[in-house]
Amino acid sequence: MRIDIPDGEEPIPYVWGEMVPGIGPVAAQFSMAVYDHSSLGLREFEAARLRVAQINGCLFCLDWRTERDGEKVETSFIEAVEDWRDTTAFDERTRLAAEYAERYAVDHHGLDDAFWERMTAHYSQAEIVEMSMAIGSWLAFGRLNHVLGLDTVCALPKP
């Protein structure tokens, strides 16, 4: 960890709450809202989230699997996300979610008209905005936790 945590304090609540009380709790609410209020299907949600985790290198995010109604993606899903261009395990929406996450994270200026034509053929505008906000959250907070060395001790707060 790159931040000193006092003895007896839990790293995530301390850094996100005690160190920056005017920012951290609100950021945590936004982070949790992405999970609690998503209308995206589980596979497309996880394809985007895991692709960001792979790019960020956030250890916790790579290990985490979102659960909805007792369901999680299959164990091999993470390998399919790494191979999103060629995998046969994805439908077009799931493939686009992984592609969008990657391009958003590493080349957001390269999101051209051809890409947006494909996205709007498979996603509504509201879904695109939602996915954009979710990817932004994962990108920012996954990198924050990794850069500060918190990803080895990270746990999502309970709502």
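Since we're looking at a predicted model, the values are computed, not measured. (Residues numbered from 1 in each chain as written. Predicted model: local features only at pLDDT ≥ 70, side-chain atom pairs only at ≥ 80, totals over all residues. Heavy atoms only, no water.)

**Focus on the nonpolar core**
With 32 residues, the main nonpolar core has Phe 77, Tyr 100, Met 119, Tyr 123, Met 131, Ile 135 and Trp 138 as its most contacted residues. Only helix 2 (24-36), helix 3 (42-56), helix 5 (77-82), helix 6 (92-106), helix 7 (113-122) and helix 8 (125-147) provide two or more residues apiece to this core. Once you skip the residues sitting within four places of it in the chain, Ile 135 turns out to touch Ala 48, Val 52, Tyr 100, Ala 101 and Tyr 104. Tyr 14, Val 15, Ala 27 and Ala 28 belong to the second-largest nonpolar core, a separate cluster that totals nine residues. (Core = buried A, V, L, I, M, F, W, Y, C linked by side-chain atoms within 4.5 Å. Buried < 20%, exposed > 50% of the residue type's maximum accessible area, 1.4 Å probe, protein only. Helix = DSSP H or I, 4+ residues; strand = E, 2+ residues; numbered from the N terminus. Contact = heavy atoms within 4.5 Å.)

**Points about the pattern of salt bridges**
Across all of its chains, the model carries 10 salt bridges by this definition. Among the ionic pairs, Glu 127 bridges to Arg 93, the shortest N-O distance being 3.0 Å. A residue pair is termed long-range when its members are at least 10 positions apart, and Glu 127 in helix 8 and Arg 93 in helix 6 qualify at 34 residues. Each of Glu 99, Arg 103, Asp 112 and Arg 118 takes part in salt bridges that share partners, so that together they form one network. (Salt bridge = Lys/Arg side-chain N within 4 Å of Asp/Glu carboxyl O.)

**Structural notes on a negative patch on the surface**
Taken together, the side chains of Glu 79, Glu 82, Asp 83 and Asp 86 define an acidic patch exposed on the protein surface. Turning to its location among the elements, Glu 82 is positioned in helix 5. (Patch = residues over 30% accessible without salt bridge, like charges linked within 9 Å, V, L, I, M, F, W, Y side chains within 5 Å. Areas by Shrake-Rupley, 256 points an atom, 1.4 Å probe, with all protein chains shown as cover. Lys, Arg positive; Asp, Glu negative; His and termini not counted. Charge placed at Lys NZ, Arg CZ, Asp CG, Glu CD.)

**Remarks on helix 6**
The α-helix advances 3.6 residues per turn, and as a result positions three or four apart in sequence lie on the same side. Its 15 residues place the ends of helix 6 21 Å apart at the C-alpha level, agreeing with the 21 Å of an ideal helix rising 1.5 Å per residue. Along helix 6, 11 of the 15 residues are buried, which leaves the element largely enclosed by surrounding structure. Along helix 6, the positions that sit buried rather than exposed are Thr 94, Arg 95, Leu 96, Ala 97, Ala 98, Glu 99, Tyr 100, Ala 101, Glu 102, Arg 103 and Ala 105. On the buried face of helix 6, the contacting elements are helix 3, helix 5, helix 7 and helix 8. (Expected span 1.5 Å × (residues − 1).)

**Structural notes on the environment of Phe 141**
Mapped onto the fold, Phe 141 is located in helix 8. By relative accessible area, which is 16% here, Phe 141 ends up buried. The sequence separation of Phe 141 and Asp 91 amounts to 50 residues, and the corresponding C-alpha distance is 28 Å. For Phe 141, the contacting residues outside a window of four places in its chain are Trp 16, Ala 27, Phe 30 and Ser 31.

**Quick word on the environment of Glu 82**
Of the residues examined, Glu 82 reaches a relative accessible area of 52% and is grouped as exposed. With 48 residues separating them along the chain, Glu 82 and Glu 130 place their C-alpha atoms 22 Å apart.

**Some points on the side chain of Glu 44**
Note on placement: Glu 44 falls in helix 3. Take Glu 44: its relative accessible area is 7%, and that puts it in the buried class. Only 2.7 Å separates the side chain of Glu 44 from the side chain of Arg 93, close enough to count as a polar contact. If sequence neighbours within four positions are ignored, Glu 44 has contacts with Arg 93, Thr 94, Ala 97 and Tyr 123. (Polar contact = N/O pair within 3.5 Å; in protein donor to acceptor, adjacent residues only side chain to side chain.)

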